[in-house]
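Letter by letter, the chains look like this.
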Amino acid sequence: MKKQLHLKSILAVMLITFMIPYGYSQSTKLPKVVILATGGTIAGKGASETGSAYTSGQVTIESMIDAVPNIRKLANLSGEQLSNVGSQDMSVEIWLKLAKRINELLAGDVDGIVITHGTDTQEETAFFLNLVVKSDKPVVLTASMRPSSALSADGPLNLYNAVAVAANPEAKGRGIMVVINDKIFSAHSVTKVNTTNVDAFAAPMHGQLGDVNFGNVEFYHYPHGLHTTKSEFSVDGLKELPRVDIVYACADMSPDLIDIMVKAGAKGIVVAGVGDGNMTSTTLEAAKRATSKGIPVVRSSRLCEGAVLIHGEVDDAKYGTVASDELNPQKARVLLMMALLKKRSRENLQQLFLDY
Ligand code: ASP
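Here's what I pulled together on the structure shown here. Keep in mind it's a predicted model, so treat the numbers as computed, not measured.

## A closer look at the overall build of the chain
When its secondary structure is counted, the chain shows 10 helices and 14 strands. Here the C-alpha coordinates of the chain stretch approximately 100 × 45 × 35 Å along the principal axes. Burial status across the chain gives 49% buried among its 356 residues. If you take every contact in the chain between residues at least 6 apart in sequence, the share linking residues at least 24 apart comes to 72%. Computed over 35 positive and 36 negative side-chain charges, the separation of the two mean positions in the chain equals 8 Å.

What follows is the structure, given as structure tokens:
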């Protein structure tokens, strides 16, 4: 009897000694990461592995996870399909659904979120979430430039790296991030710079936050601007956002475009200005007509580098305009949509563009 007991305890010690290092009990300790799928090329499919034609948003989140070897070793993973659209069709409705779901999940025992998304408007979704997610836990958007059916599809490794970042404790407090092509970017600074190359994203003003190579994460920066837990914006009770339009400036631009936007119901306008947020003198007069009706006009730039200065060549106080500082037109639009939920002075609006 004594001998039997002794044998049992030896067996128990052997089990514990060998199973812990080989990951048996580790799986329960892995960080809990939820993948929210929205569509995009990462979920896209084409008829040929070498042809350029394909359709975004065809593959489900379950098949995407199954296509990535060893991904379940990085985190305790689950997936939810929120939408399945090309991000050219991303909408305020999906943004609100996404933000509310993320806040719900992160308020519980989830350690990190990955969002699969199309590349076209990824920076807008990332920046929107940067304003309204109420947690410092990692939230990572990822995407791909080649559809899942393509030769050398980039989606699986991007998804693997995104999960590695979302599961990494060092990723906490860095706001919403975009992980693509081994690079980690902040929502504030990232922008798409190439139509088709796998190296399609850059952060011209502030650079990358870090690198991720086959799941090995290295951070070297924190993001610029207020975000997440420091942001004053919230999606609680929100069902829609005010209409804000963007007008692209050029030589000899038609001044009536701003008047047309106002007539069509825009509650705010962003000008993708030439140079330092400039526009033709006649367009500036149209901007003044809009601002004097209480419709804010934000001067951003069609260039991808450099801040738009307050009172550069434009006297903002005279025209009632606001400078976008470092936000490109598409992100300036997102901030203006959120800002318009409350009545604000021009000075207060200007301050938001400096702070976020
Ligand atoms: N049009 C696609 C999208 O944004 C492009 C991509 O995902 O790379 O959904």
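## Section: empty space enclosed by the protein
A complete count under the given rule lists 1 cavity of 30 Å³ or more for this structure. Considering only enclosed or pocket space, the largest cavity measures out at about 40 Å³ in volume. Of the residues assigned to the lining of the largest cavity, the class counts are 3 nonpolar, 5 polar and 3 charged.

## Some words on helix α4 (residues 122-132)
α4 sits mainly inside the fold: 11 of its 11 residues count as buried. Every buried residue belonging to α4 is among Q122, E123, E124, T125, A126, F127, F128, L129, N130, L131 and V132, and all of these are buried.

## Considering the packing of helix α3 (residues 92-107) against α4
Between α3 and α4, the least distance of the axes is 10 Å, while the angle of their chain directions is 45°. On the basis of their axis angle, the class for α3 and α4 is oblique. Crossing angle aside, the handedness with which α3 passes α4 is right-handed. Contacts between α3 and α4 involve W95, L96, L98, A99, I102 and N103 on the former and, on the latter, E124, T125, F128, L129 and V132. Taken together, the residues of the contact of α3 with α4 break down into 8 nonpolar, 2 polar and 1 charged.

## A word on the site of the ligand
Taken together, G40, T41, Y54, S56, G86, S87, Q88, G118, T119, D120 and S144 make up the full set of residues adjacent to the ligand. With respect to the ligand, the backbone of S144 contributes an N or O atom lying 3.0 Å from an oxygen atom. About the coverage of the ligand: the protein hides 93% of its 260 Å² of free accessible area. Considered class by class, the residues forming the shell around the ligand number 1 nonpolar, 9 polar and 1 charged.

## Some remarks on the packing of aromatic side chains
Per the stated rule, a full pass over the model turns up 2 aromatic pairs. Ring centres of W95 and F128 lie 5.0 Å apart, and the angle between their planes is 15°; this geometry places the pair in the stacked category. Separated by 33 residues along the polypeptide, W95 in helix α3 and F128 in helix α4 bring together distant segments of the chain. Looking at R174, its charged tip hangs above the ring of Y222, at a distance of 4.0 Å from the centre.

## Describing helix α5 (residues 155-166)
With 12 residues, α5 should reach 16 Å at 1.5 Å per residue; the first-to-last C-alpha distance of 16 Å fits that figure. Within α5, 10 of the 12 residues are buried, which leaves it mostly tucked inside the rest of the structure. Buried residues of α5: G155, N158, L159, Y160, N161, A162, V163, A164, V165 and A166, and no others.

Rules and cut-offs
- Residues numbered from 1 in each chain as written.
- Predicted model: local features only at pLDDT ≥ 70, side-chain atom pairs only at ≥ 80, totals over all residues.
- Heavy atoms only, no water.
- Helix = DSSP H or I, 4+ residues; strand = E, 2+ residues; numbered from the N terminus.
- Buried < 20%, exposed > 50% of the residue type's maximum accessible area, 1.4 Å probe, protein only.
- Contact = heavy atoms within 4.5 Å.
- Lys, Arg positive; Asp, Glu negative; His and termini not counted.
- Charge placed at Lys NZ, Arg CZ, Asp CG, Glu CD.
- 1 Å grid on protein atoms, 1.4 Å probe; cavity = no way out; pocket = protein on both sides within 12 Å on 5 of 7 lines; lining within 4 Å.
- Points joined across faces, edges and corners; volume = space filled by probe spheres on them.
- Nonpolar A, V, L, I, M, F, W, Y, C, P; charged D, E, K, R; others polar.
- Axes fitted to C-alpha atoms, helices over the stretch in contact; angles between N-to-C directions.
- Parallel < 35°, antiparallel > 145°, perpendicular 65-115°, else oblique.
- Left-handed = near helix turned anticlockwise from the far one by under 90°.
- Near = heavy atom within 4 Å.
- Polar contact = N/O pair within 3.5 Å; in protein donor to acceptor, adjacent residues only side chain to side chain.
- Areas by Shrake-Rupley, 256 points an atom, 1.4 Å probe, with all protein chains shown as cover.
- Phe/Tyr/Trp six-rings, centres within 6.5 Å; stacked < 30°, edge-to-face > 60°.
- Lys NZ or Arg CZ within 6 Å of the ring centre and 35° of its normal.
- Expected span 1.5 Å × (residues − 1).

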